[in-house]
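For reference, the chains in residue letters:
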Amino acid sequence: MTSKTSLWLALALGVTLGGMNDASAAAQPVDHDDPYLWLEATHGARAMDWVKRQNAITEKAFASSAEFERARSEILQVLDSEARIPYVRRMGEYLYNFWQDKAHPRGLWRRTTLDEYRKADPKWETVLDVDALNKAEGKRWVWKGAQCLKPAYTRCLLSLSPDGGDAVVVREFDTATRSFVKNGFELPVAKTQVGWIDQDHIYVGTDFGPGSMTQSSYPRIAKEWTRGTPLSAAVTVYEGKPTDLSVSAYHDRTPGYERDFVQVAIDFFHSETFLRRDGKLVKLDLPSDASVDAHREWLLVTLRSPWTVGGVTYPNGALIATRFDDFMAGKRAFTVLFRPDAHTALSSYAWTRHHLILDELHDVQSRLEVLTPQAGEWRRAAMPGAPAMSTVEVVDTDPDHSDEYWLTVTGFLTPPSLERGVLGQGEAGTIKHQPAFFDASKFTVSQHFVASKDGTRVPYFEIAPKDMRLDGSHRTLLYGYGGFEVSLQPFYSGSIGRAWLERGGVYVIANIRGGGEYGPAWHQAALKANRPRAYQDFAAVAEDLVKRGVTSTKHLGAEGGSNGGLLMGNMLTEYPQLFGAIACEVPLLDMKRYIHLDAGASWIAEYGNPEDPKQWAFIKAFSPYQNLRKGAHYPPVLFYTTTSDDRVGPAQARKMAAKMEGMGIPDVWFYENLEGGHGAGADNRQSAHMHAMVYDFLWNELK
């Protein structure tokens, strides 16, 4: 194992780290006074000097070996491969794709036709070359997407980030001339929300000046902006409270069903929706924790809690529908489109012109169902699902014009395929298929269940060598997230296959509470004061892997990012005895100050408010930064973040690493990429470097 202390001394950085305290000494809580607040200055000179020193140390330890270079090169080959599926989005007659590779690291926005796309080597028309734009403007733009005005799709609002963060510039672009519109709509860098009304009007929420953003750093005011007028002349449509998460307005251009809405996100799981009609706002009388979707004549409502209306109680996790005009007239008769059970939850849905496709999870495995609107119960038909241990997902439809749909089908050992079909015209056919990036014949996938501390049955997926001996000798990487109702489903990763599985490792995905694998109840079971249940679930999976003989503590690693980084922080501080090493990426860790850092205030509904003494009483139990203890043994840990992350921010990982080092804890590693935002990489080369470093660290420490 590489000694970090010796690296500090070898690099003569002027920092002396003591060895680990006598293990026999009683573990004592550290003082809660925070001497590392200076690391919260994202671009501060002192903080950035510290970052540069840390990066040099970590690079030397885990990014300078031949094994690292092999992993980095093989991961980059996957990310840059011409054999990847170019996923498309239909806009009118064209299929659009954003593509990054070795020759175009920042990417090409390009398009082709369906007939051309069917070919093995389609011809693409470049709409915007981001690398060429950067060269011409002397910038480092990172593509963040386009919103195009239908039905022509010639005028688009492009979002470009200067560093990969969430803050973007917005610039109007003409796809017919493939150029930016002179004197068109344009907004400076901010966390902006925009949407077309018509060619001369847009809805905009942005930084209009002091007080115009919420405490969560998102727009508080939605305005209507007319072409040719200054932004200061835009008309306010709705002004929210500073404590709201965000405010946005949007226009539905569906022919014959044009409507305008304002949505006020109160927090991550509660919102209010208003219909804007004749200059007035009419609030939709729906539960604040429900998700609302108006499509053509229908109003769909996805429930996060039981709702009694019209004399009927609908369960949480249900999808219900009624006619939009009937609802606005006061009628409350709903049809149940999806009803969950103990094993099944709704993952998502997608409209075509005449049908609704439901994507359901049954014990975290996909199945599809097609519903056709009609009076009373909608007609139902099953769609061919994915193979076992796989995921099938609707990636695009054309709801204004046709019943076309595009599906991607994938699994841990099955490279993704892209299928296209038209409902009512037979089954979908495969239109693209990605080749394998590693030899899957050596491995097998299995699903297991383990009882958590309170007896809850928790599933996990395991990808392991065939005929693996259960002798506890295998380096095993356990990945988790467990928050915000996000489900971890089977997926194919050439990077994991090459850098971990083919190296001899076992890869495991834990479907812990806090996620959405079993619907809203699975998520709500680990909210706020119940957050430790997610960590108990993850620990139970770790213990089961050891109990079954898959691995042993010294060979078991854990990895997670963002909310999963908070999970890793709690594995580090509350369950250090279970792991041989931990990779903690773009994490939340200081839960006492998280609401004051970047977009942290937006997550109060998930974690609670630490400034409320009653809530801090339970939050501090899962705040890793406060729960570090002198004299405790911690496994080696690598903290990874980015300077440009304006969602979670780099301060939390910086402070945690600095605090651990200040306590004399050995084998604490830190790396901070300058670009990439919360995604950690602005291009494929940066992403490959990061992933290879993490795998090299884990492989080295778990030997």
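Residues numbered from 1 in each chain as written. Predicted model: local features only at pLDDT ≥ 70, side-chain atom pairs only at ≥ 80, totals over all residues. Heavy atoms only, no water.

Student: Quick question: what am I supposed to make of the pairing of strand β4 (residues 108-112) here?
Tutor: Here is the key point about a regular strand: its side chains alternate between the two faces of the sheet. With 5 of 5 residues buried, β4 lies mostly within the body of the structure. Burial of the side chains of β4 extends over both faces: Leu-108, Arg-110 and Thr-112 are buried on one face and Trp-109 and Arg-111 on the other. Two elements, strand β3 (residues 94-99) and β4, share 5 bridges in a ladder whose sense is antiparallel. Each bridged residue has a counterpart across the sheet, and for Tyr-96 the counterpart in β4 is Arg-111. (Buried < 20%, exposed > 50% of the residue type's maximum accessible area, 1.4 Å probe, protein only. Helix = DSSP H or I, 4+ residues; strand = E, 2+ residues; numbered from the N terminus. Pairing = 2+ DSSP bridges.)

Student: Would you explain helix α7 (residues 494-501) in this entry?
Tutor: Owing to its 3.6 residues per turn, the α-helix brings residues three or four apart onto one side. For α7, the tally of buried residues reaches 8 of 8 residues, placing the bulk of the element in the interior. All of the buried residues in α7 are Gly-494, Ser-495, Ile-496, Gly-497, Arg-498, Ala-499, Trp-500 and Leu-501. On its buried face, α7 is in contact with α3 (66-80), β33 (443-451), β34 (457-465), β35 (476-479), β36 (506-510) and α15 (684-701). (Contact = heavy atoms within 4.5 Å.)

Student: Would you explain the pairing of strand β16 (residues 259-267) in this entry?
Tutor: Both strand β15 (residues 246-252) and β16 contribute to a ladder of 7 bridges, which runs antiparallel. Along β16, the bridge assignment pairs Ser-246 with Ala-265. Hairpin connection of β15 to β16: 6 residues between the antiparallel strands, including Gly-256 at a positive phi of 85°. Where β16 and strand β17 (residues 270-277) come together, 7 bridges link them in antiparallel fashion.

Student: How should I be thinking about the sheet that holds strand β29 (residues 390-397) in this particular structure?
Tutor: Two orientations exist for strands paired in a sheet by backbone hydrogen bonds: parallel and antiparallel. Strands sit in the order β29-β30-β31-β32 across an open sheet of 4 strands; the sheet is antiparallel. Edge strands, defined here as strands with exactly one partner in the open sheet, are β29 and β32 (429-433). The sheet shows a mean angle of 30° between the axes of neighbouring strands, direction not considered. (Axes fitted to C-alpha atoms, helices over the stretch in contact; angles between N-to-C directions.)

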